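Chain by chain, the residues run as shown.
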Amino acid sequence: MGFNPVSDRRNFTTVRDANYYHQQTEEANAAAHDGFAPDIQAEMDKLFWCDALILQFPLWWFGLPAILKGWVDRVFASGGRIYGGGKWYDRGVFSGKRAMCSVTIGGPPPIYSDRGLNGPIGAILFPINHGMLYFVGFR
């Protein structure tokens, strides 16, 4: 896609405070005034359109690859559009929608078991499944 993963003022077409950049303040302002940059708005529109979100990625240092993490950082904006104001978990914006991670790993499955060298894959993916996807309402 060529998606730019770097989060900064270019995320927005509106400005709340030109003298001090605070990401969540600018996200809330953009949510209130339809002020997200076109690339972010397009990705948000896709999330609202989809019934199920599938993230396909290689496990990279026990987490998301940098560009995918940057996608989450930019698109999962606070201020009520994607989360905030009591809109999280069971009351999340995407409540009723499903999400799934399709993950490739750089080792044999036993390494990612309860007794494996890297620990259980479920524990490794918990921050993604719970802290990112379920946080915004995805099941």
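Structure: see above.
Note that the structure is predicted; figures quoted are calculated from it, not measured. (Residues numbered from 1 in each chain as written. Predicted model: local features only at pLDDT ≥ 70, side-chain atom pairs only at ≥ 80, totals over all residues. Heavy atoms only, no water.)

Asks: Before we go on, may I ask you to explain the nonpolar core in this structure?
Replies: Proteins that are soluble and globular tend to have nonpolar side chains buried together. In terms of nonpolar packing, the biggest core is built from 31 residues, with L47, W71, F76, I128 and L133 touching the most fellow members. Taken together, the elements giving at least two residues each to this core come down to α2 (38-49), β1 (52-58), α3 (66-75) and α4 (121-133). In terms of residue count, α4 provides more of this core than any other element does, five residues in total. Apart from the residues lying within four places of it in its own chain, the contact partners of I128 are F57, G63, L64, C101 and L133. (Core = buried A, V, L, I, M, F, W, Y, C linked by side-chain atoms within 4.5 Å. Buried < 20%, exposed > 50% of the residue type's maximum accessible area, 1.4 Å probe, protein only. Helix = DSSP H or I, 4+ residues; strand = E, 2+ residues; numbered from the N terminus. Contact = heavy atoms within 4.5 Å.)

Asks: When you look at the packing of aromatic side chains in this model, what are you seeing that I'm missing?
Replies: Each aromatic ring pair is characterised by the separation of its centres together with the angle its planes make. The full count for this structure, using the stated rule, is eight aromatic pairs. Between Y89 and F135, the aromatic rings sit 5.2 Å apart at their centres with planes inclined by 85 degrees, giving edge-to-face as the arrangement. One end of the pair, Y89, is in the loop between α3 and β2 (98-104); the other, F135, is in the segment after α4, with 46 residues separating them in the sequence. Looking at Y89, the relative accessible area reads 27%, which means it is partly exposed. Feature note: the residues Y83, W88, Y89, Y134 and F135 constitute an aromatic cluster, connected by ring pairs. (Phe/Tyr/Trp six-rings, centres within 6.5 Å; stacked < 30°, edge-to-face > 60°.)

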